[in-house]
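Understanding the architecture of this molecule
One-letter residues, chain by chain:
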Amino acid sequence: MQELIMTTKFNPTQNVPSGHFPSAAFCVFSNRFLAVIVAICAVRIKHGAVFANNIAPLWAFTPCALSNTMSSWSQYASLKYVSFPVQTVFKSSKIIPVMMMGKFLKGTSYPVGQYIEAVCITTGVAIFSFSSKSSNNDTTTELIGLMFLLMYISFDSFTSQWQDKVYTQYGRSNVDPYQMMLGVNISAICITTAGLVITGDFPIVAEFLRANPIVFRYNIITAITSASGQLCIFYTIKEFGPIVFTIIMTTRQMMSICISALVFGHPISANALLGAAVVFSVIFYQIRRKYYARLAKKRTGN
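Residues numbered from 1 in each chain as written. Predicted model: local features only at pLDDT ≥ 70, side-chain atom pairs only at ≥ 80, totals over all residues. Heavy atoms only, no water.

This next bit is on the overall build of the protein chain. Each helix and strand counted, the protein chain has twelve helices and zero strands in total. Element order for the protein chain, N to C, with α for helix and β for strand: α-α-α-α-α-α-α-α-α-α-α-α. Expressed as a percentage of contacts within the protein chain between residues at least 6 apart in sequence, the contacts between residues at least 24 apart total 84%. Here the protein chain has roughly 15,100 Å² of accessible surface; of this, 67% comes from carbon and sulfur atoms. (Helix = DSSP H or I, 4+ residues; strand = E, 2+ residues; numbered from the N terminus. Contact = heavy atoms within 4.5 Å. Areas by Shrake-Rupley, 256 points an atom, 1.4 Å probe, with all protein chains shown as cover.)

Written out as structure tokens, the structure is:
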């Protein structure tokens, strides 16, 4: 849906003669607006009040809200400048930056083997992505697009690590995924609203949506999927940590291309199959390693 919104040429307007959706910031705003509503409902249902039981103050969520907003904006903006395979590779290469942010923000140490696994997963997804997508109809890659993608992975890596830091600092039992979602999105909606007001995008977007009502429906669909996805994201980061979350998201990138190939009949080359084999082999190895590590820990505890 993101690619559909940002790359489709719709009916041009007076302020947007190109016909392309004019504001990546508005896409982020619409996602965060619905996410706040969902989070308020979830917190109210679970705790009986919206803010009364919050141990972590709202300002604690602001840094990751800012980075989350910037990563989303960069992701939308990059689609105007880079080809789909390039974006997929960058989105699938977050494991190493996440580990670097973990070391910088929390002093987390990772074994050398985990870095090797991260490199293997990133390499496998890169091979799969480039081998599975034809670039004939893709947008020409430009330097500015690569800069947006670099911003995306940097901000996104910071976001998950800061969220994990909040859980650690205030206690995982005191901050649940719904409170995290509420805190992050309240700050994010303030940031995106301020940005839209300062840039003057609101009237331009309103004019564009009046001329292209289908785009408004696309934004609603994207907002719904984004809000529901955030519930899963915050739960995963709390229960399993940012590295596991990144591995899941990385695998999702490859799976999305697999589903596209099955549904739309896109051919998958031998090189793509090799990339898939590398990724799944590493992930299965990680599952096996963690399983035996858990067994060893139980034996030691007993």
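Further notes follow.
With that settled, consider the side chain of Arg-32. Among the secondary structure elements, Arg-32 is positioned in helix 2 (residues 24-47). In this structure, Arg-32 is buried with no salt-bridge partner, the nearest side chain bearing the opposite charge being Asp-156 at 7.8 Å. Filtering out sequence-adjacent residues up to four positions away, Arg-32 remains in contact with Asn-68, Ser-72, Asn-185, Ala-188, Ile-189, Ser-226 and Gln-230. (Buried < 20%, exposed > 50% of the residue type's maximum accessible area, 1.4 Å probe, protein only. Lys, Arg positive; Asp, Glu negative; His and termini not counted. Salt bridge = Lys/Arg side-chain N within 4 Å of Asp/Glu carboxyl O.)

This next bit is on the pattern of salt bridges. Going through the model one piece at a time under the given rule, you end up with one salt bridge. With its nearest N and O atoms 3.5 Å apart, the salt bridge here joins Lys-46 to Asp-176. Of this pair, Lys-46 sits in helix 2 while Asp-176 sits in the loop between helix 7 (143-170) and helix 8 (177-199); the two residues are 130 residues apart in sequence, bridging distant segments of the chain. For Lys-46, a relative accessible area of 49% gives the class partly exposed. The class for Asp-176 is buried, based on a relative accessible area of 5%.

As a further point, take the environment of Gln-286. Residue placement: Gln-286 occurs in helix 12 (residues 270-301). Counting along the chain gives 172 residues from Gln-286 to Gln-114, while the straight-line C-alpha distance between them is 9.0 Å. Beyond its immediate chain neighbours, meaning those up to four positions away, Gln-286 contacts Glu-117, Ile-121 and Ile-247.

With 24 residues, helix 2 should reach 34 Å at 1.5 Å per residue; the first-to-last C-alpha distance of 34 Å fits that figure. The backbone nitrogen of Ala-25 has a side-chain oxygen 3.4 Å away, supplied by the residue at the start of helix 2, namely Ser-23. Just downstream of helix 2 lies Gly-48, where phi reads positive at about 80°. (Expected span 1.5 Å × (residues − 1). Polar contact = N/O pair within 3.5 Å; in protein donor to acceptor, adjacent residues only side chain to side chain.)

Here the focus is the packing of helix 3 (residues 62-78) against helix 8. Across the interface, helix 3 lies against helix 8 with an axial gap of 8 Å and an inter-helix angle of 55°. Taken as axis vectors, helix 3 and helix 8 run oblique relative to one another. Viewed along their axes, helix 3 and helix 8 form a crossing whose handedness is right-handed. The segment helix 3 lies against helix 8, with Thr-62, Cys-64, Ala-65, Leu-66 and Thr-69 engaging Val-184, Ser-187, Ala-188, Ile-191 and Thr-192. (Axes fitted to C-alpha atoms, helices over the stretch in contact; angles between N-to-C directions. Parallel < 35°, antiparallel > 145°, perpendicular 65-115°, else oblique. Left-handed = near helix turned anticlockwise from the far one by under 90°.)

Let us look at the nonpolar core. Of all hydrophobic cores here, the largest spans 23 residues; its most connected members are Met-6, Phe-21 and Phe-26. Secondary-structure elements contributing two or more residues to this core are helix 1 (2-7), helix 2, helix 3, helix 8, helix 9 (201-211) and helix 10 (213-240). Core analysis: the next-biggest nonpolar cluster, separate from the first, contains 18 residues, Phe-158, Val-166, Tyr-167 and Val-175 among them. (Core = buried A, V, L, I, M, F, W, Y, C linked by side-chain atoms within 4.5 Å.)

This part covers a nonpolar patch on the surface. Judged by side-chain polarity, Met-1, Leu-4 and Ile-221 come together as a nonpolar surface patch covering roughly 230 Å² of accessible area. The topology assignment puts Ile-221 in helix 10. (Patch = residues over 30% accessible without salt bridge, like charges linked within 9 Å, V, L, I, M, F, W, Y side chains within 5 Å.)

With that out of the way, let us pick up the packing of aromatic side chains. Any pair of aromatic rings gets described here by the distance separating the centres and the angle formed by the planes. Evaluation of the coordinates by the stated rule reveals ten aromatic pairs. Judged by centre distance (5.9 Å) and plane angle (35°), the rings of Phe-26 and Phe-29 are tilted. Taken together, the residues Phe-26 and Phe-29, both in helix 2 and three residues apart, mark about one turn of the helix. Note on Phe-29: relative accessible area 15%, which makes it buried. Summarising the aromatic geometry, the rings of Phe-158 and Trp-162 are spaced 5.6 Å apart at their centres and angled 20° between planes, so their arrangement reads as stacked. Of this pair, Phe-158 and Trp-162 are both found in helix 7, four residues apart, which corresponds to roughly one turn of the helix. Comparing Phe-158 with Trp-162, the two get one shared label, buried. Three or more aromatic residues joined by ring pairs form one cluster here, namely Phe-10, Phe-21, Phe-26, Phe-29, Phe-33, Phe-202, Phe-208 and Tyr-218. (Phe/Tyr/Trp six-rings, centres within 6.5 Å; stacked < 30°, edge-to-face > 60°.)

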